[in-house]
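Residue strings, one per chain:
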Amino acid sequence: MSATHEVFNQVDPLVDVNLFDGNRAMQDALRFNAPELDTAPLHALGQEVGSAEMQTHARLANVFTPQLKSHDRFGHRMDQVEFHPSYHALMTAATAAGLHGTPWGEGAANPHLSRAAGFMLFTELEPSTLCPISMSYAVTPALKDNPDIYRDWAPQLTSRAYDPALKRWKDKAGVTMGMGMTEKQGGSDVRANTTQAVPAGSDDWGQRFTVTGHKWFFSAPMCDAFLVLAQTPKGLSCLFLPRVLPDGSFNKLFIQRLKDKLGNKANASSEVEFVGATAWLVGEEGRGVPQILAMGTMTRLDCALGTSGLMRQALSIALNHTSQRMAFGKKLIDQPLMKNVLADLALESEAATALALRLARSFDRPGDAHEQAMQRLLTPVAKFWICKRGSHFAEEAMECLGGNGYVEEGGEGIMARIYREMPVNSIWEGAGNIMALDLLRALRKADAAAALAHELAPAKGLHPALDHMAESLPIRVEQMATEMEARRLAQDVALAVQAALLAQTAPAAVFGAFCESRLAGHWGHSFGSLGAGVDFDAIIARAQPR
Ligand SMILES: Cc1cc2nc3c(=O)[nH]c(=O)nc-3n(C[C@H](O)[C@H](O)[C@H](O)COP(=O)(O)OP(=O)(O)OC[C@H]3O[C@@H](n4cnc5c(N)ncnc54)[C@H](O)[C@@H]3O)c2cc1C
């Protein structure tokens, strides 16, 4: 009680809830993609990441941000990054949950789908620590093309132990890996890379190179090793560059400074220079771009998963707030126009979840031609569309909390953190235009239109707007859109696939409202403009996190 007034009509925060148990959209999507999936680990993770204790770690890791220790007090170079203990607690939890390299090592069924759901749940706790976790997950398909290095590093890459010490990989219980492509003069167009790699003999790990140059963005520089692009005599090549060399000495990788970023605060992103660093060739010399894109494909999946997780988190907080807060004589959630906003956000969140998890399924089925075709098509589509919707979504969910949504309050303002995080998933790993242009490349494959038609077929006849879109899309694909039309095509493929998935995973109220708004055009340009006839209460009840 304050001396001047009583504090009332403020809400209890959403803590100590099981984030998996409350997420019906995720549960139904998992049942659709792998009916036999063992969800017990996700239930346990949902409990952990929803706990007050872990949320405190998330706040502290973002308030006490990483600090670069370039030199010790005697002037020796250190090139280390210091983190708050809460960062290490988050990394320990993510690694123990098997969100990094584990799916490549353990023989469980549907490892990628299961890990994808876990990644989404963990995003609701803290997304920026997931940057090195994601890169450590993504590296395996590319790294396998140097079988000698992969054989030596796989046990630590797949282990569930987190070990932050800067030591030789074989003296550690677990390792993390990052990637270095972007230079000052070009990020999307990596062909502009100027970093040079000069042949320096060979050893147990194959062809060795001496690397000199820089990377302008180099996230999680305390990782144990990186895949980097550099120009060898045969052109741009993919190289494996460890921080500590096999003889125990430090590699010549120097951290210049850490980036001062809009969000993603708990993650250290750096600028680095290589001054005669040692690295080994991965894959074919001169074919570095396709080689490292095997890694990029998987981090793009994680961008879609991560944004879907953030959407779900923002929606849950908005529902929690509006279910308690009164205005004009009613709870906000009972005000008709707020119902429209919340239901519209719920549709977007569920559609994102459905698309991201459907894409993840394809990584569990490498021998299935349709799954591989959809992986190629849906990776740029999901990365483009889900991430593009993220910032707008966060802004609207924040507004549901009114002024409280905009307040940081020493890191307590989770909505503000979500809002600052959203744009990065769209920018890194190929920004929006790059993803839309990549879709055009994917569509050049002969079977792309047929694969898309096959994917949409189960929803045929269920809604006229989806039928219309499903009929027109393969024709547009076959006529090949121009670059100018690529974003619109990526958007329409995303919406059609999302609608077809919702037909199979969601109640009729969700599917119908999604088609009416996103496909039939009964919708405005902002959230909260669903048309009449929508069962708002059913959509909102399904989305409630408790
Ligand atoms: C926080 C953070 C961490 C990062 N960490 C890493 C990391 O660890 N490793 C790493 O290698 N990189 C990292 N990046 C870099 C990131 O991947 C690049 O910023 C991104 O790929 C874009 O490259 P760029 O910044 O050079 O922009 P540019 O390539 O200059 O692109 C600018 C804009 O132009 C658009 N564009 C480019 N080409 C075309 C075209 N042909 N037609 C139409 N539009 C086009 C792009 O879509 C983009 O919107 C990180 C970035 C951030 C923000």
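In case you missed it, the structure is sitting above this.
These numbers come from a predicted model, not from an experiment.

A. Main features of the overall build of the protein. Regarding its fold elements, the protein presents 19 helices and eleven strands. Taking 546 residues into account, the globule formula puts the C-alpha radius of gyration at 24 Å, and the protein, at 24 Å, falls close to it. For the protein, the spread of C-alpha atoms along the principal axes amounts to about 75 × 70 × 40 Å. Buried positions account for 57% of the 546 residues belonging to the protein. The contacts in the protein between residues at least 6 apart in sequence include a share of 73% that link residues at least 24 apart. Here the protein displays about 21600 Å² of accessible surface, and carbon together with sulfur accounts for 54% of that area. Side chains of the protein carry 51 positive and 59 negative charges; the gap between the two charge centres is 3 Å.

B. Broad picture of the layout of surface pockets. Put simply, the second largest pocket is a space of about 750 Å³. Taken together, 30 residues line the second largest pocket, and the ones lying closest to its centre are Pro13, Leu14, Glu412, Gly413 and Ile414. A breakdown of the residues in the lining of the second largest pocket according to their chemical character gives 13 nonpolar, eleven polar and six charged.

C. Structural view of the environment of arginine 417. Residue position: arginine 417 is located in helix H13 (residues 414-427). In this structure, the C-alpha to C-alpha distance between arginine 417 and glutamate 126, residues 291 residues apart in sequence, is 9.4 Å. Not counting chain neighbours up to four residues away, the residues in contact with arginine 417 comprise Ala58, Arg59, Asn62, Leu125 and Gly411.

D. The arrangement of the site of the ligand in detail. Every one of the 20 residues lining the ligand counts as a neighbour, but Met181, Thr182, Gly187, Ser188 and Ser219 are closest to it. Between a nitrogen atom of the ligand and a main-chain N or O atom of phenylalanine 217, the distance comes to 3.3 Å. The separation between a nitrogen atom of the ligand and a polar side-chain atom of asparagine 433 is 3.0 Å. Look at the ligand: alone it shows 980 Å² of surface, and the protein chains cover 67% of it. Put simply, the parts of the chain that give the shell around the ligand at least two residues each are strand S3 (177-180), strand S5 (206-219), H13 and helix H14 (432-443). Among the residues making up the shell around the ligand, the classes are represented as ten nonpolar, eight polar and two charged.

E. Structural view of the pattern of salt bridges. Taken as a whole and assessed by the stated rule, the structure comprises 27 salt bridges. For arginine 542, the salt bridge goes to aspartate 28, with nearest N and O atoms at 2.9 Å. Of the two residues, arginine 542 sits in helix H19 (residues 536-543) while aspartate 28 sits in helix H1 (residues 24-33), which places them 514 residues apart along the sequence. A salt bridge links arginine 420 to glutamate 408, with the shortest nitrogen-to-oxygen separation between them at 2.8 Å. Taken as a pair, arginine 420 in helix H13 and glutamate 408 in the loop between helix H12 (403-406) and H13 lie far apart in primary sequence, twelve residues in all. Connected via shared salt-bridge partners are Asp28, Arg31, Glu350 and Arg542.

F. How the structure looks around the side chain of glutamine 231. Within the secondary structure layout, glutamine 231 lies in strand S6 (residues 225-232). Under the relative-accessibility criterion, glutamine 231 is labelled buried at 17%. In terms of polar contacts, glutamine 231 uses its side chain to reach the backbone amide nitrogen of leucine 236, at 3.3 Å. With near-sequence residues (within four places) excluded, glutamine 231 lies in contact with Arg191, Asn193, Thr194, Thr195, Gln196, Ala197 and Leu236.

G. Broad picture of the pairing of strand S4 (residues 196-203). Bridge count for S4 against S5 is six bridges, and the pairing is antiparallel. Residue pairing in the sheet places valine 198 in a bridge with threonine 210 of S5. Connecting S4 to the next strand, S5, in antiparallel fashion are two residues.

H. Spatial organisation of the packing of helix H17 (residues 486-505) against helix H18 (residues 508-519). Viewed as axis vectors pointing N to C, H17 and H18 meet at an angle of 165°, and their least axial separation amounts to 9 Å. As the angle between them shows, H17 and H18 are arranged roughly antiparallel. Here H17 runs over H18; the crossing is left-handed. Contact residues: H17 offers Leu495, Ala496, Gln498, Ala499, Leu502 and Ala503, while H18 offers Val510, Phe511, Phe514, Cys515, Arg518 and Leu519.

I. Representation of the packing of aromatic side chains within the structure. Overall, the coordinates contain twelve aromatic pairs when judged by the stated rule. With a centroid separation of 5.1 Å and an interplanar angle of 80°, the aromatic rings of tryptophan 153 and phenylalanine 240 are classed as edge-to-face. You can see tryptophan 153 sitting in helix H8 (residues 147-158) and its partner phenylalanine 240 sitting in strand S7 (residues 235-242), a full 87 residues away along the chain. An identical accessibility class is assigned to tryptophan 153 and phenylalanine 240; each is buried. Aromatic side chains tryptophan 205 and phenylalanine 240 sit 5.8 Å apart centroid to centroid with 90° between the ring planes, which places their arrangement in the edge-to-face category.

J. Structural view of helix H11 (residues 369-400). With 32 residues, H11 should cover 46 Å at 1.5 Å per step; its first-to-last C-alpha distance of 44 Å lies within 8% of that length. The largest bend in H11 amounts to roughly 35° and is located at leucine 378, with the proline proline 380 lying one to four residues further along. With 24 of 32 residues buried, H11 lies mostly within the body of the structure. Put simply, aspartate 368 is the residue that caps the front of H11, since its side-chain oxygen is 3.0 Å from the backbone nitrogen of histidine 370.

K. Empty space enclosed by the protein, seen in detail. For the structure shown, the criterion picks out two cavities of 30 Å³ or more. Roughly 80 Å³ of volume is contained in the largest cavity. For the largest cavity, the full set of lining residues is Asn23, Arg24, Ala25, Arg312, Leu315, Ala346, Ser349, Glu350, Val510, Ile539, Arg542 and Ala543. Considering only enclosed or pocket space, the second largest cavity measures out at about 40 Å³ in volume. Leu14, Asn18, Leu19, Gly22, Asn23, Glu124, Arg312, Ser316 and Pro545 together form the lining of the second largest cavity. A class-by-class count of the residues in the lining of the second largest cavity yields three nonpolar, four polar and two charged.

The rules we used
- Residues numbered from 1 in each chain as written.
- Predicted model: local features only at pLDDT ≥ 70, side-chain atom pairs only at ≥ 80, totals over all residues.
- Heavy atoms only, no water.
- Helix = DSSP H or I, 4+ residues; strand = E, 2+ residues; numbered from the N terminus.
- Rg over C-alpha atoms; globule rule 2.2 N^0.38 Å.
- Buried < 20%, exposed > 50% of the residue type's maximum accessible area, 1.4 Å probe, protein only.
- Contact = heavy atoms within 4.5 Å.
- Areas by Shrake-Rupley, 256 points an atom, 1.4 Å probe, with all protein chains shown as cover.
- Lys, Arg positive; Asp, Glu negative; His and termini not counted.
- Charge placed at Lys NZ, Arg CZ, Asp CG, Glu CD.
- 1 Å grid on protein atoms, 1.4 Å probe; cavity = no way out; pocket = protein on both sides within 12 Å on 5 of 7 lines; lining within 4 Å.
- Points joined across faces, edges and corners; volume = space filled by probe spheres on them.
- Nonpolar A, V, L, I, M, F, W, Y, C, P; charged D, E, K, R; others polar.
- Near = heavy atom within 4 Å.
- Polar contact = N/O pair within 3.5 Å; in protein donor to acceptor, adjacent residues only side chain to side chain.
- Salt bridge = Lys/Arg side-chain N within 4 Å of Asp/Glu carboxyl O.
- Pairing = 2+ DSSP bridges.
- Axes fitted to C-alpha atoms, helices over the stretch in contact; angles between N-to-C directions.
- Parallel < 35°, antiparallel > 145°, perpendicular 65-115°, else oblique.
- Left-handed = near helix turned anticlockwise from the far one by under 90°.
- Phe/Tyr/Trp six-rings, centres within 6.5 Å; stacked < 30°, edge-to-face > 60°.
- Expected span 1.5 Å × (residues − 1).
- Bend = angle between axes of the 7 residues up to and from the residue.

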